[in-house]
Amino acid sequence: MDEMTTKAPVIEADGFKLRPLRQADAGLIEFYGADERVARMTTSIPHPLPPGSTEAFLTRVLAEDSPEIVWAMDASDRGGAELKGVISLDRMEPGPQGGSQSEIGYWVAPAWWNTGVASAAITALIAANPLGNGTIYASVFQDNPASARVLTNAGFVYTGDAESFSVARNAKVATWTYIRKLN
């Protein structure tokens, strides 16, 4: 199998499942992504959210050759919300199952902040390790200590400070960088 066509498997998490994104998620992704509180904590979501940006995001990540695999945090089969947030692995270096190194990224809709959703998603994704990663990297903005706690609680180790450009803030923002070795 070509490493760039690895499909996202369904992964069971505590209270929900991680399932591959689908075009039908566009409405909820746009609704939550348009929330300035969500957009400001990401590098790539603009605020205000321009028309067509959600569709462009879905087209990019659902493409067969996309280096990024994105899952929805979906509790609908348990009577909960269909999309509580998204989590992704972006391949940085090829490996035997598609990436020996990846960067993890995630956002959770504000209704589920401080409920353990992000922790459960990261724990499940690390346990499943669908790309056979040896190392997973992450970074969070320094004004988002809750996300930093999620990472350290999931076994990520702080490696240093950096900065990333935030489209919503239209500025470089100080970040903390983390690593998790899996083998």
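Residues numbered from 1 in each chain as written. Predicted model: local features only at pLDDT ≥ 70, side-chain atom pairs only at ≥ 80, totals over all residues. Heavy atoms only, no water.

**Q** Before we move on, can you summarise the overall build of the protein chain with the specific residues and values?
**A** On a plain count of helices and strands, the protein chain comes out with five helices and eight strands. In sequence order, the secondary structure elements of the protein chain are arranged as β-β-α-α-α-β-β-β-α-β-α-β-β. Relative to the globule expectation of 16 Å for 183 residues, the C-alpha radius of gyration of the protein chain, 15 Å, shows essentially globular dimensions. Taking the principal axes of the C-alpha coordinates as reference, the protein chain spans close to 40 × 35 × 30 Å. Taking all 183 residues of the protein chain together, 46% fall into the buried category. Contacts in the protein chain between residues far apart in sequence, at least 24 positions, make up 64% of those at least 6 positions apart. Counting every atom, the protein chain has about 8,900 Å² of accessible surface; 53% of that belongs to carbon and sulfur. Charge-centre separation for the protein chain: the mean point of 15 positive side chains lies 4 Å from the mean point of 21 negative side chains. (Helix = DSSP H or I, 4+ residues; strand = E, 2+ residues; numbered from the N terminus. Rg over C-alpha atoms; globule rule 2.2 N^0.38 Å. Buried < 20%, exposed > 50% of the residue type's maximum accessible area, 1.4 Å probe, protein only. Contact = heavy atoms within 4.5 Å. Areas by Shrake-Rupley, 256 points an atom, 1.4 Å probe, with all protein chains shown as cover. Lys, Arg positive; Asp, Glu negative; His and termini not counted. Charge placed at Lys NZ, Arg CZ, Asp CG, Glu CD.)

**Q** So what's going on with the layout of surface pockets? Residues and values would help.
**A** Within this model, the largest pocket holds a volume of roughly 1,300 Å³. As for the largest pocket, its lining consists of 48 residues, of which Met-41, Thr-42, Gly-105, Tyr-106 and Trp-107 are closest to the centre. Of the residues in the lining of the largest pocket, the class split is 25 nonpolar, 17 polar and six charged. (1 Å grid on protein atoms, 1.4 Å probe; cavity = no way out; pocket = protein on both sides within 12 Å on 5 of 7 lines; lining within 4 Å. Points joined across faces, edges and corners; volume = space filled by probe spheres on them. Nonpolar A, V, L, I, M, F, W, Y, C, P; charged D, E, K, R; others polar.)

**Q** Can you explain helix α5 (residues 145-153)? Please cite residues and give values.
**A** Taken together, the buried positions of α5 are occupied by Ser-147, Ala-148, Val-150 and Leu-151. One face of α5 carries all of its buried residues, which in axial projection span an arc of 155°. In the core, the buried residues of α5 are packed alongside β5 (101-108), α4 (117-128), β6 (135-141) and β8 (171-181). The first or second residue beyond α5 is Gly-155, which carries a positive phi of 90°. (Arc of directions from axis to C-beta.)

**Q** Explain the packing of helix α1 (residues 26-33) against helix α3 (residues 53-62) residue by residue, including any values.
**A** The geometry of α1 relative to α3 is characterised by a closest axis approach of 9 Å and an angle of 120° between their N-to-C directions. With respect to their mutual orientation, α1 and α3 come out oblique. With respect to the hand of their crossing, α1 and α3 are arranged in right-handed fashion. Contacts from Ala-26, Ile-29 and Glu-30 of α1 reach α3 at Thr-54, Glu-55, Phe-57 and Leu-58. Tallied by class, residues from the contact of α1 with α3 come to four nonpolar, one polar and two charged. (Axes fitted to C-alpha atoms, helices over the stretch in contact; angles between N-to-C directions. Parallel < 35°, antiparallel > 145°, perpendicular 65-115°, else oblique. Left-handed = near helix turned anticlockwise from the far one by under 90°.)

**Q** An account of unusual backbone geometry is requested, with residue identities and associated values reported.
**A** Of note, the bond from His-47 into Pro-48 is cis; its omega dihedral lies within 30 degrees of zero at 0°. Its location among the elements puts Pro-48 in the loop between α2 (36-39) and α3. Of note, Asn-170 is a non-glycine position whose phi angle comes to about 55°, a positive value. Turning to its location among the elements, Asn-170 is positioned in the loop between β7 (157-166) and β8. For Asn-170, a relative accessible area of 61% gives the class exposed.

**Q** So what about the confidence of the model for the protein chain? Which residues, and what values?
**A** Averaged over every residue, the pLDDT of the protein chain is 93; the share at 70 or more is 93%. Note that pLDDT drops below 50 for residues 1-5; the model gives that stretch eleven contacts with residues more than four away or on any other chain. (pLDDT = per-residue confidence, 0-100.)

**Q** Describe the pairing of strand β2 (residues 16-20), and please don't skip the residues or the numbers.
**A** β2 sits mainly inside the fold: four of its five residues count as buried. With three bridges joining them, strand β1 (residues 11-13) and β2 adopt antiparallel strand pairing. Its bridge partner being in β2, Ala-13 is matched across the sheet by Phe-16. In this structure, the hairpin formed by β1 and β2 is closed by a connection of two residues, where Gly-15 is found at a positive phi of approximately 95°. Here β2 runs beside strand β3 (residues 68-74); their pairing, made up of four bridges, is antiparallel. (Pairing = 2+ DSSP bridges.)

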